[in-house]
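Inside the fold
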Amino acid sequence: MSQRVYFLAHGRVQGVSYRYFAQKKATEHNVTGWCRNTENGKVEGEAQGDSNSVKLFLKELDKGPTHAHVVRLDQEPRDVQADEAQFEVRR
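Heads up: these notes are all about the structure in this document. (Residues numbered from 1 in each chain as written. Predicted model: local features only at pLDDT ≥ 70, side-chain atom pairs only at ≥ 80, totals over all residues. Heavy atoms only, no water.)

**Section: the packing of aromatic side chains**
- Scanning the entire structure with this criterion turns up 3 aromatic pairs.
- Centre to centre, the rings of Y18 and F21 are 6.4 Å apart; their planes meet at 40°, and the pair counts as tilted. Of this pair, Y18 and F21 are both found in helix α1 (residues 18-28), 3 residues apart, which corresponds to roughly one turn of the helix.
- A residue is classified by how much of its surface remains accessible, and F21, at 15% relative accessible area, is buried.
- Between F57 and F87 the ring centres are 5.6 Å apart and the planes differ by 65°, which places this aromatic pair in the edge-to-face class. Placement of F57 in helix α2 (residues 51-63) and of F87 in strand β5 (residues 87-89) is noted, with a sequence separation of 30 residues between them. By the burial criterion, F57 is buried, and F87 matches it.
- By the ring-pair criterion, three or more aromatic residues cluster together here, those being F7, F57 and F87. (Phe/Tyr/Trp six-rings, centres within 6.5 Å; stacked < 30°, edge-to-face > 60°. Helix = DSSP H or I, 4+ residues; strand = E, 2+ residues; numbered from the N terminus. Buried < 20%, exposed > 50% of the residue type's maximum accessible area, 1.4 Å probe, protein only.)

Structure representation (structure tokens):
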């Protein structure tokens, strides 16, 4: 069953390739969606895929890439969107 989740990563997540890490992990887990930096130093986005894939993807985001330090990853359910083909990094 597909699901979509909004996420907001807190901590040292900008300037450490966090968004591109998210894009790579999304591709590995067959997850679609998007992510972007926020003005207040966080990274937000939405992830969609089968429940297990999204769960594994969010677990990866909670760790982050080598130079990141994720202190919290907020999550909220969202409505599934049709016709989304990939995970994109927005600016």
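**Brief notes about α1**
- Buried within α1 are the following residues: Y18, R19, F21, A22, K25 and A26. Seen along its axis, α1 keeps its buried residues to an arc of 155°; they face one direction. In α1, the exposed positions that point more than 90 degrees away from the buried face belong to K24 and T27.
- Elements that come into contact with the buried residues of α1 comprise β1 (2-12), β2 (32-37), β3 (43-50), α2, β4 (69-78) and β5.
- N30 occupies a position one or two residues after α1 and carries a positive phi of about 55°. (Arc of directions from axis to C-beta. Contact = heavy atoms within 4.5 Å.)

**Things to note about the pairing of β2**
- Here β2 runs beside β3; their pairing, made up of 6 bridges, is antiparallel. Its bridge partner being in β3, W34 is matched across the sheet by E46.
- Between the antiparallel neighbours β2 and β3 lie 5 residues, among them G41 with a positive phi of about 85°.
- Where β2 and β5 come together, 3 bridges link them in parallel fashion. Directly across from C35, in β5, lies its bridge partner V89. (Pairing = 2+ DSSP bridges.)

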